[in-house]
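Fold and geometry: a report
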Amino acid sequence: MTTPAIQTHDLTKAYGANRGIHHVNLTVNQGEIFGFLGPNGAGKSTTMRTLLGFMRPTSGSATIFGKDIVTGSVEIRRDVGNLPGEFALEDRMTGRELVKLYADLRGVTDLSHAEEIADRIKADLDRPTRRLSRGNKQKIGIVTALFHQPQLIMLDEPTGGLDPLVQEAFLELLREAKQRGQTVFFSSHVLPEIEQVADRVGIIREGELVAVENPTELTGRTFRHVKLSFAQPVPGEKLKQFLHLDGVDHVDTIDAQHLAFQAHGDMNPVIRLAGEFDLTSIDIERPSLEEMFLRYYNGNTGKEVAA
Amino acid sequence: MTSINTTATTYPGIQSARAPSTMLAFLRFLFSRYARTITFWGLGISAYTLLLIASFPAFEGTSALDVSQYPEGMREAFNLQSLDTIEPYLSSQVFSFLPLVLAFLPVTAFASAIVGAEERGSLDILFGNPLPRPIFVIATWLAVALLMLVMLGIVGLLSYGAAVVMDVDLELAKAMLAPLNLLPITMLFGGIALVLSAFVRQRAIAVGVPVGVMFLMYLLDIIGKISESFEPLRNISAFKAYGDALQDGMPWGGFILLLAIAIGLAALAIPVFQRRDIYT
């Protein structure tokens, strides 16, 4: 059996009031892209920073490629590329100088992959980092995390500050890393981003891992906010047809020209019925993460679902 | 679109540097980081010292350098035996108080190295690399100490050169040893900053405490020199060990003692930093 890329046993890091992570049990397999989803302050960064040895666990244990995160931290970081959630770069150095420094620290001499990544995400390696915008600094951070093609890539909210085209190029880099056999563990509070690339999704809330799911199942189960606006007033009896459809509940607004409700599962019956009316607009929106957590994961903690 | 080599099974990251090469790489980075700051310090100290040496012949033999009318306590406190030669002149005008100024260099450098970097948010990305914390501490200490040593050596050479040019009678050995004597005492206060930097969460504390200790020690040394009854207080002041290299000869015993304490503090910073959580 292959050694997991990451395995935690009741990993706990307590600091401050109501902060930290509690009894996190998590397994990330080698070669998979694992999304770590949770709202801000849920414990994503604390988990990643504890795994990388920046913080010592209060209790519990964890291994990366079988090495203990406390005693083997330096060895672990040889095979890990890390992008912190918040970071500052050496402001007098250029991106190229930084990559060279990190390559020297790692004993890496071939920087061709750094140039390739920089080219694809349009990272400017030649300007001092103090002159770069937040998004451009983020790109330099991505290059420094990926350039040495580590076995494990750990990225904390990696797409913050990136424009959509660069985000897409970056997600493509992650897919390619997976094809090469690298493992990717990345956190986000944006569900669609994780859906696009992740094989599995771990959901963390208030420091507790509440579920590990397949992203397709997760999004399939997720409800949508549906808002319909009608060109002409519609009699109440006709509007009630929507409310009798399977999966429709939580009516938010109802009047002669507006109807807003929540719907689960298959959207086709809603769309077919809406097509029978003269509509001025139809909006189908995902819930926020916090809404989703309240709906599906409230009170359900510490569960790990096998892949 | 770049093609993907799906058959790749090795990763450059695995063939990583081991401790010695990591140390050298990090030292190179630190030398470039600190070189500019230390050069500016060296320029300032050199300019001030050269100005005093250059102006000495103009004051030599005049009443401006007559300290016999100064209160005895003041002469004792600042070791003002006579200013009619360059040694006591430089000692009183430069080297008696220069530790109070120059110590800010290692103190601020070491305070910035850990807690300052943590406040800036630059530690996370650096320690994403396989950089052991002991190597981080040792290399940081070595970089500052070696660059200061070079800077102080240059100050000594320039001082000697200025003395030769201005026909001032200053021995090469004294010109070199007086600046060198600054290293252990300033690195001692820097060492306090390094330990605190590895422990506390605010850079201001890592700067403020060693600076406070330094001025307190200086005060104790002065009080102990003025009053015989307070003389034992000098034993807890680093300035007693610092002595007066120009007038009394190089205090090698004090030099070694202060250097040993400075190195001990740097060594203490290693386990302190290893137990520390790095926050963002």
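Quick caveat: nothing in here was measured; it's all calculated off a predicted structure.

Examining the overall build of chain A
For chain A, the count of helices and strands is 11 helices and 14 strands. Along the three orthogonal principal directions, the C-alpha set of chain A runs to about 75 × 45 × 40 Å. By residue count, 42% of the 307 residues in chain A fall in the buried class.

Observations concerning the nonpolar core
Nonpolar side chains in soluble globular proteins generally cluster together in the buried interior. Core analysis: the largest hydrophobic core is formed by 151 residues, its most contacted members being A:Val143 and B:Ala193. In terms of residues, this core owes the most to one element, helix H7 (residues 133-165) of chain B, which gives 15 residues. The contact partners of A:Val143, leaving out residues within four places of it in the chain, are A:Gly95, A:Val99, A:Ala114, A:Ile117, A:Ala118 and A:Ala123. Membership of the second largest hydrophobic core comes to 10 residues, among which are A:Phe223, A:Leu228, A:Phe261 and A:Ala263.

Overview of the interface of chain B and chain A
Contacts between the two partners involve 31 residues from chain B and, on the opposite side, 34 residues from chain A. Listed by contribution, the elements that provide at least two residues to the side of chain B that touches chain A are helix H1 (19-59) and helix H6 (123-126) of chain B. By residue number, the principal contributor to the side of chain B that touches chain A is H1(B), which donates five residues. Taken together, the residues of the side of chain B that touches chain A sort by class into 15 nonpolar, 13 polar and three charged.

Here's the deal with the sheet that holds strand E1 (residues 6-14) of chain A
Residue and element names in this part refer to chain A. Taken together, four strands build an open sheet; the order of strands is E2-E1-E4-E5 and the sheet is antiparallel. Two strands in the sheet have a free side with no partner beyond their single neighbour: strand E2 (20-28) and strand E5 (67-68). Strand direction decides the pairing type here: E1 and strand E4 (residues 59-64), joined by five bridges, are antiparallel. In the strand pairing of E4, His 9 is matched with Ser 61.

Side note on unusual backbone geometry
Residues and elements named next belong to chain A. Its identity as a non-glycine residue notwithstanding, Lys 122 has a phi of 60 degrees, on the positive side. In this model, Glu 206 sits at a positive phi of 50 degrees, which is unusual for a non-glycine residue. Structurally, Glu 206 can be placed in the loop between strand E9 (200-205) and strand E10 (208-213).

Digging into the packing of H7(B) against helix H9 (residues 182-199) of chain B
All names here are of chain B. Closest axis-to-axis distance for the H7/H9 pair is 11 Å, and the angle between their directions is 155 degrees. Here H7 is positioned roughly antiparallel relative to H9, judged by the angle of their axes. In this structure, H7 crosses over H9, and the sense of that crossing is right-handed. The residues of H9 that touch H7, namely those facing Trp 141, Val 144, Ala 145, Met 148, Leu 149 and Leu 152, are Leu 182, Leu 183, Met 187, Gly 190 and Leu 194.

Remarks on the environment of A:Ile194
All names here are of chain A. By the element assignment, Ile 194 lies in helix H7 (residues 191-197). In the structure, Ile 194 is positioned 159 residues away from Gly 35 in sequence and 5.7 Å away in space, judged by C-alpha atoms. Once residues lying within four places of it in the same chain are set aside, the contact partners of Ile 194 are Gly 35, Leu 37, Ser 188, Val 201 and Pro 215.

Details of the environment of A:Arg78
Following the sequence through the fold, A:Arg78 ends up in helix H2 (residues 73-78). Note: C-alpha distance between A:Arg78 and A:Gly107 (29 residues apart in sequence) is 9.6 Å.

A word on the sheet that holds strand E13 (residues 258-263) of chain A
Residues and elements named next belong to chain A. As summarised here, the arrangement of the four strands in space is E12-E13-E11-E14, forming an open sheet in which the pairing is antiparallel. Bordering the open sheet on either side are strand E12 (248-254) and strand E14 (279-285), each of which pairs with just one other strand. Each strand axis lies, on average, 15 degrees off the axis of its neighbour in the sheet, ignoring direction. Here E12 pairs with E13 via four bridges, running antiparallel. Directly across from Val 248, in E13, lies its bridge partner Ala 263.

Remarks on the packing of helix H3 (residues 95-106) of chain A against H1(B)
With their axes 7 Å apart at the nearest point, H3(A) and H1(B) run at an angle of 155 degrees to one another. Overall, the two elements H3(A) and H1(B) adopt an arrangement that is roughly antiparallel. Residues A:Leu101, A:Asp104 and A:Leu105 of H3(A) pack against B:Thr22, B:Ala25, B:Phe26 and B:Phe29 of H1(B). Across the contact of H3(A) with H1(B), the residue classes tally to five nonpolar, one polar and one charged.

What about helix H5 (residues 104-120) of chain B?
Along its 17 residues, H5(B) runs just 20 Å from first to last C-alpha, ending more than 12% under the 24 Å computed at 1.5 Å per residue. Of all the bends in H5(B), the greatest measures close to 50 degrees and is centred on B:Ala113.

Cut-offs used in this document
Residues numbered from 1 in each chain as written. Chains lettered and ligands numbered in written order. Predicted model: local features only at pLDDT ≥ 70, side-chain atom pairs only at ≥ 80, totals over all residues. Helix = DSSP H or I, 4+ residues; strand = E, 2+ residues; numbered from the N terminus. Buried ≥ 20, exposed ≤ 12 C-beta atoms within 10 Å, placed from the backbone. Core = buried A, V, L, I, M, F, W, Y, C linked by C-beta atoms within 7 Å. Contact = placed C-beta atoms within 7 Å. Nonpolar A, V, L, I, M, F, W, Y, C, P; charged D, E, K, R; others polar. Pairing = 2+ DSSP bridges. Axes fitted to C-alpha atoms, helices over the stretch in contact; angles between N-to-C directions. Parallel < 35°, antiparallel > 145°, perpendicular 65-115°, else oblique. Left-handed = near helix turned anticlockwise from the far one by under 90°. Expected span 1.5 Å × (residues − 1). Bend = angle between axes of the 7 residues up to and from the residue.

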